[in-house]
Amino acid sequence: QQQVKQSPQSLIVQKGGISIINCAYENTAFDYFPWYQQFPGKGPALLIAIRPDVSEKKEGRFTISFNKSAKQFSLHIMDSQPGDSATYFCAARGATGNQFYFGTGTSLTVIP
Amino acid sequence: EPEVTQTPSHQVTQMGQEVILRCVPISNHLYFYWYRQILGQKVEFLVSFYNNEISEKSEIFDDQFSVERPDGSNFTLKIRSTKLEDSAMYFCASSPAMNYGYTFGSGTRLTVV
């Protein structure tokens, strides 16, 4: 059973455009939703995170939108840059607090 | 910025051999984790460790796997008898508390031949 579903699998965006990656989850006990950025050969790095009592969180060019009733959350990257080209994973923390369930990842390519 | 350090970066081993993957978590972190990522696939939880014991483990973490914190700084993952399907990138992570996001290491690429 896939706890967190992520789309699209890959995304190509022009420099300066908006990148949008979507995730959906089933388990209403999930209580913390981070996004990770991963460059080739590196581990995932925490980018931004949100808790379900907030509908939106913005940090610089990165925004998480959270829809609790729809059990969906998304990452928006404004003014996308070539340096943003990476794989992005959404995740959700399980009820025990001990593990995260990751989405399948989105490979983002920002074209100059 | 504090880092989680993993060694080796790449390990090649023969099927059936034992391997130990090593991690040095961030010094003031209390929670430690192992995840793995099969090439091109999602990151999967293996085990969490707190207060010198396993707090949770996944179905992947069977009897072939074990973890240990042998001293105050290292956190190891042992695979007793490797199988071809154990080939993956193994990531160690740590966090200061349960309600925080993780800091991941750069991973160890394990190749079982």
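Preceding this paragraph is the structure being described.
Residues numbered from 1 in each chain as written. Chains lettered and ligands numbered in written order. Predicted model: local features only at pLDDT ≥ 70, side-chain atom pairs only at ≥ 80, totals over all residues. Heavy atoms only, no water.

Caption draft 1: The overall build of chain A, seen in detail. The helix and strand inventory of chain A stands at zero helices and eleven strands. In sequence order, chain A lays out its α and β elements as β-β-β-β-β-β-β-β-β-β-β. Rg of the C-alpha trace for chain A: 13 Å, near the compact-globule value of 13 Å for 112 residues, within the 12% margin. Principal axes of the C-alpha set define a box for chain A whose edges measure 40 × 30 × 20 Å. Within chain A, the proportion of its 112 residues that are buried is 46%. Counting every atom, chain A has about 5,200 Å² of accessible surface; 49% of that belongs to carbon and sulfur. The average position of the 10 basic charges and that of the 7 acidic charges among the side chains of chain A differ by 3 Å. (Helix = DSSP H or I, 4+ residues; strand = E, 2+ residues; numbered from the N terminus. Rg over C-alpha atoms; globule rule 2.2 N^0.38 Å. Buried < 20%, exposed > 50% of the residue type's maximum accessible area, 1.4 Å probe, protein only. Areas by Shrake-Rupley, 256 points an atom, 1.4 Å probe, with all protein chains shown as cover. Lys, Arg positive; Asp, Glu negative; His and termini not counted. Charge placed at Lys NZ, Arg CZ, Asp CG, Glu CD.)

Caption draft 2: Structural context of the state of the cysteines. Taken as a whole and judged by the stated rule, the model has two disulfides over all chains. Across a sulfur-sulfur distance of 1.8 Å, Cys23 of chain A and Cys90 of chain A are joined as a disulfide pair. Given an S-S torsion of about -90°, the disulfide between Cys23 of chain A and Cys90 of chain A has left-handed geometry. Separated by 67 residues along the polypeptide, Cys23 of chain A in strand E3 (residues 19–25) and Cys90 of chain A in strand E9 (residues 86–93) bring together distant segments of the chain. With respect to burial, Cys23 of chain A and Cys90 of chain A carry one shared label: buried. Linked covalently through their sulfurs, Cys23 of chain B and Cys92 of chain B form a disulfide whose S-S length is 1.9 Å. Looking along the S-S bond of the Cys23 of chain B-Cys92 of chain B disulfide, the torsion reads about -65°, which is the left-handed sense. One end of the pair, Cys23 of chain B, is in strand E3 (residues 19–24); the other, Cys92 of chain B, is in strand E9 (residues 88–95), and 69 residues separate them in sequence. Taken individually, Cys23 of chain B and Cys92 of chain B each receive the classification buried, so the pair is uniform in this respect. (Disulfide = S-S within 2.5 Å.)

Caption draft 3: A look at the interface of chain A and chain B. Taken together, the contacts link 20 residues of chain A with 19 residues of chain B. Interface area for chain A against chain B, summed over the two sides, is near 1,700 Å², with a carbon-plus-sulfur share of 49%. Broken down residue by residue, the surface that chain A buries against chain B is led by Asn98, Gln99 and Phe102 of chain A, which jointly contribute 33%. At the boundary of chain A with chain B, the tally comes to four residue pairs in polar contact (both at pLDDT 80 or more). Residue composition of the side of chain A that touches chain B, grouped by class: seven nonpolar, ten polar and three charged. (Contact = heavy atoms within 4.5 Å. Buried area = accessible area lost by both parts, 1.4 Å probe. Polar contact = N/O pair within 3.5 Å; in protein donor to acceptor, adjacent residues only side chain to side chain. Nonpolar A, V, L, I, M, F, W, Y, C, P; charged D, E, K, R; others polar.)

Caption draft 4: Layout of the packing of aromatic side chains. Residues and elements named next belong to chain A. Applying the stated criterion across every chain, the model contains 27 aromatic pairs over all chains. Plain terms: the ring middles of Trp35 and Phe73 are 5.7 Å apart, the flat faces sit at 65° to each other, and that makes the pair edge-to-face. On the criterion of sequence distance, the pair formed by Trp35 in strand E4 (residues 33–38) and Phe73 in strand E8 (residues 72–77) is long-range, its members being 38 residues apart. A relative accessible area of 2% means that Phe73 is categorised as buried. (Phe/Tyr/Trp six-rings, centres within 6.5 Å; stacked < 30°, edge-to-face > 60°.)

Caption draft 5: Quick peek at unusual backbone geometry. Cis peptide bonds are those with omega within 30 degrees of zero, and the linkage from Ser7 of chain A to Pro8 of chain A qualifies with -5°. Structurally, Pro8 of chain A can be placed in the loop between strand E1 (4–7) and strand E2 (10–14). Residue Pro8 of chain B is reached from Thr7 of chain B by a cis peptide bond, and omega for that bond is -10°. The residue Pro8 of chain B is located in the loop between strand E1 (5–7) and strand E2 (10–13) in this model. The residue Asn52 of chain B is not glycine, and still its phi comes out positive at about 65°. Relative to the elements of secondary structure, Asn52 of chain B occurs in the loop between strand E5 (43–50) and strand E6 (53–57). Residue classification places Asn52 of chain B among the exposed residues on the basis of a relative accessible area of 58%.

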